[in-house]
Amino acid sequence: MTKFIFVTGGVSSSLGKGLTASSLGRLLKCRGLRVTMCKLDPYINVDPGTLNPFEHGEVFVTDDGGETDLDLGHYERFIDENLRRSSNATTGSIYSAVISKERRGDYLGRTVQVIPHVTDEIKERVHQLASDGIDVVITEVGGTVGDIEIVPFLEAIRQFRRDVGRENVCYVHLTLVPYLAPSGEQKTKPTQHSVTELRSRGIQPDVIVCRSDQAISPALKRKISLLCDVPIEAVVSAVDAHSIYEIPLVLHGEGLDDYICKILQFDPTEHVADLGGWRDLLHRVGATETEGAPRVRIGVIGKYVNLPDAYLSVVEALRHAGFYHGAGVEIVWVQAEDVSEMLVAGDVLDPNELHGLRDLDGIVIPGGFGERGVEGKIAAARFARENGVPCLGLCLGLQVMVIEFARHVAGMDGAHTTELDPCTAYPVIDLMGDQVDVVNKGGTMRLGSYVAHLKPGSRVASAYGQEVVSERHRHRYEVQPRFHSKLSEAGIVWSGMSPDGRLVEMVELDDHPFWVGTQAHPEFKSRPDSPHPLFREFLAAALVRAEGRAPRILDPREFD
Ligand code: GLN
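First, a word on what this report is: a plain description of the structure on this page.

Calculation criteria
Residues numbered from 1 in each chain as written. Predicted model: local features only at pLDDT ≥ 70, side-chain atom pairs only at ≥ 80, totals over all residues. Heavy atoms only, no water. Pairing = 2+ DSSP bridges. Helix = DSSP H or I, 4+ residues; strand = E, 2+ residues; numbered from the N terminus. Axes fitted to C-alpha atoms, helices over the stretch in contact; angles between N-to-C directions. Contact = heavy atoms within 4.5 Å. Near = heavy atom within 4 Å. Polar contact = N/O pair within 3.5 Å; in protein donor to acceptor, adjacent residues only side chain to side chain. Areas by Shrake-Rupley, 256 points an atom, 1.4 Å probe, with all protein chains shown as cover. Nonpolar A, V, L, I, M, F, W, Y, C, P; charged D, E, K, R; others polar. Phe/Tyr/Trp six-rings, centres within 6.5 Å; stacked < 30°, edge-to-face > 60°. Buried < 20%, exposed > 50% of the residue type's maximum accessible area, 1.4 Å probe, protein only. Lys NZ or Arg CZ within 6 Å of the ring centre and 35° of its normal. Salt bridge = Lys/Arg side-chain N within 4 Å of Asp/Glu carboxyl O.

Right, let's get into the sheet that holds strand S2 (residues 35–41). Strand-to-strand pairing in sheets goes through backbone hydrogen bonds, with the strands running parallel or antiparallel. Strand order in the open sheet formed by seven strands is S5-S2-S6-S1-S7-S10-S11, and the pairing between neighbours is parallel. In this open sheet, the two strands that pair with only one neighbour each are strand S5 (88–90) and strand S11 (235–239). Neighbour-to-neighbour, the strand axes of the sheet open up by a mean angle of 20 degrees, direction not taken into account. Bridging between strand S10 (residues 207–212) and S11 involves five bridges; their strand directions are parallel. Of the residues in S11, the one forming a bridge with Arg211 is Ala238. Across the sheet, helix H8 (residues 218–228) touches S10 and S11, and the angle it forms with S11 is around 130 degrees.

Encoded structure:
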């Protein structure tokens, strides 16, 4: 029988509910339990695919092409399982399913209501994830108790316990215990209010996880236990961790997984926690922060650099590669439009501005859509190519590398992507003929896992250690086949192709330390204890550059 854990949050958003749920998933996995995870999002978009990354952070893509909430990325990285599109449901997708059923006549003429039709649909989404091969489904309910949109979700999870039996459900509630400097005290009142709100929806939490910047004292735990009516061992202090990968150990130290196993009646002798592997990982994380550890400065040339969550998986993948090499990775956010401004007289980089790029040990050009800053990304790709700076292009990153190469090496002046310049003389990046659908843009995306055949002996083949690989995609435009031969004659290597040889999946250059682009998003498959091969090799090349890097000569303007 599959058991169910529901994680809700109170007091404030951004408390790290996703990380708490993921960490709990990891702890249960370390006890030999088979875990899967799910996110219920109260917003009305049918999926996060159309959400602005400025507002909501990155869109995470699953193998089966689901465009999902970024928390699914945390889940995959922590529990080390590939999830599916069905692991994320939004209010929009729930209502859309209910309305389709109503149109089909499935409700036999009954009045369709939030209770039971919407709540049944929500419960069905969670039930779908349970199977013989799964011991625990952990479901995170997005939003905060007290939000208007969350009410049907709370009602559904309340009913869940009655449906499947008390011993099969555990409610975990995450709250904030703020420290108020003037009174020099940590305050439990917001937690009390939040639990009262949850109770008003009929849910008595089994466990209260308290986020705080300092550990919660036993006296305060007693107070929360008394006022919120949970045993003292069910009050967990989740103090700010140095690295997100430390959180499972913090929660384990507080006895969270022990207590939850007790609630869910898992035999403690059969499910002993083996955290050895995770502790090893943390040792590697710690090693990257020691005094003598090598450091690399990686520039991420992006559009959404003020909201790093927009590139969450890219940053994590870089960190994972750092853990592997024992190197600290310093991310330098470079606004793509600023690089465009470094361009003087057409497309020549202003030498006075160059030091910003020259100081980098590696450049990542991440994905993006319809960007004004694309000229800056093209300039960065060129700078990397001409100056031997390791460069990794992801999706749009590959596209700008191909444009850059076409313009400056293959003599195709003005080459571009038709996404940004529909009238370019050299549309090296364009929609494929079978892909043009102006009405339903989402329908034309290449989404999810696609296989690539790698060129024997290429850099990417040696990084992966295999010649057939599969990566997740999320894009519309492709390198146009009619330009393949002219560009490759000029020296670009098509080192990964779709099995039918039509679509370019990876590009590289022979005579460069590392100038590799991929049409996919390998960052989604990187795990803290097994970095993605392309990130691992990119960082290796960046480390070589870092070691040989001449001391930085400061621009006199910087002394001001
Ligand atoms: N905008 C480009 C395309 O649609 C790249 C997308 C991306 O980087 N994910 O093809």
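Neighbouring the ligand are Gly367, Gly368, Phe369, Cys395, Leu396, Gln399, Glu419, Arg474, His475, Arg476, Tyr477 and His521. Within the backbone of Gly368, one N or O atom sits 2.9 Å away from a nitrogen atom of the ligand. Glu419 places a side-chain nitrogen or oxygen 2.8 Å from a nitrogen atom of the ligand. Against a free-state accessible area of 300 Å², the protein chains account for coverage of 99% of the ligand. At the level of elements, helix H16 (396–408) and strand S21 (468–475) are the ones that each hand at least two residues to the shell around the ligand. Partitioning the shell around the ligand into residue classes produces four nonpolar, five polar and three charged.

Pairing in this open sheet of nine strands is mixed, and the strands run S13-S12-S16-S17-S25-S24-S23-S20-S21 from one edge to the other. Because the sheet does not close on itself, it has two edges, and the strands there are strand S13 (328–335) and S21. Here the strands of the sheet are splayed against their neighbours by 25 degrees on average, with no regard to which way each runs. In this structure, strand S20 (residues 446–454) lies alongside strand S23 (residues 493–497), joined through two bridges in antiparallel fashion. Bridged to His453 within S23 is Met497. Sheet strands in contact with helix H19 (residues 533–548) are strand S12 (295–302), S13, strand S16 (362–365), strand S17 (391–394), strand S24 (504–508) and strand S25 (515–518), and its direction is about 120 degrees off that of S12.

Next up on the list: the packing of aromatic side chains. The tally for this structure, following the rule as stated, stands at 10 aromatic pairs. Each ring, one from Phe4 and one from Phe160, has its centre 4.7 Å from the other, and the planes form 65 degrees; the classification is edge-to-face. In this pair, Phe4 is assigned in strand S1 (residues 3–9) and Phe160 in helix H6 (residues 151–164), connecting sequence segments 156 residues apart. Note on accessibility: Phe4 and Phe160 belong to one class, buried. Connected via pairs of aromatic rings, a cluster forms that spans Phe4, Phe6, Phe160 and Tyr171. The ring of Phe266 is capped by Lys3, whose NZ or CZ atom sits 5.8 Å from the centre of that ring.

Attention now goes to unusual backbone geometry. Residues Ile115 and Pro116 are joined by a peptide bond in cis, for which omega reads 15 degrees. Relative to the assigned elements, Pro116 resides in helix H5 (residues 114–127). For Asp80, which is not glycine, the phi dihedral falls at a positive 55 degrees. Here Asp80 shows up in the loop between helix H3 (71–79) and S5. Since its relative accessible area comes to 33%, Asp80 is described here as partly exposed. Positive phi, close to 60 degrees, is recorded for Cys395, a residue that is not glycine. Here Cys395 lies in the loop between S17 and H16.

Quick look at the pattern of salt bridges now. Counting across every chain of the model gives 37 salt bridges. A salt bridge links Glu102 to Arg103; the nearest nitrogen and oxygen atoms lie 2.7 Å apart. As a salt-bridge pair, Glu316 and Arg319 come within 4.0 Å of each other at their nearest N and O atoms. Highlighted residues: Glu316 and Arg319, both in helix H12 (residues 312–325), separated by three residues, approximately one helical turn. We classify Arg319 as partly exposed; its relative accessible area is 34%. Overlapping salt bridges, with partners in common, bring together Lys17, Lys39, Asp41, Asp69, Asp71 and Glu140 in one network.

Another aspect to go through is the environment of Val136. Relative to the helices and strands, Val136 resides in strand S6 (residues 136–141). Once residues lying within four places of it in the same chain are set aside, the contact partners of Val136 are Thr2, Lys3, Ile5, Leu28, Leu33, Arg34, Val35, Thr36 and Phe266.

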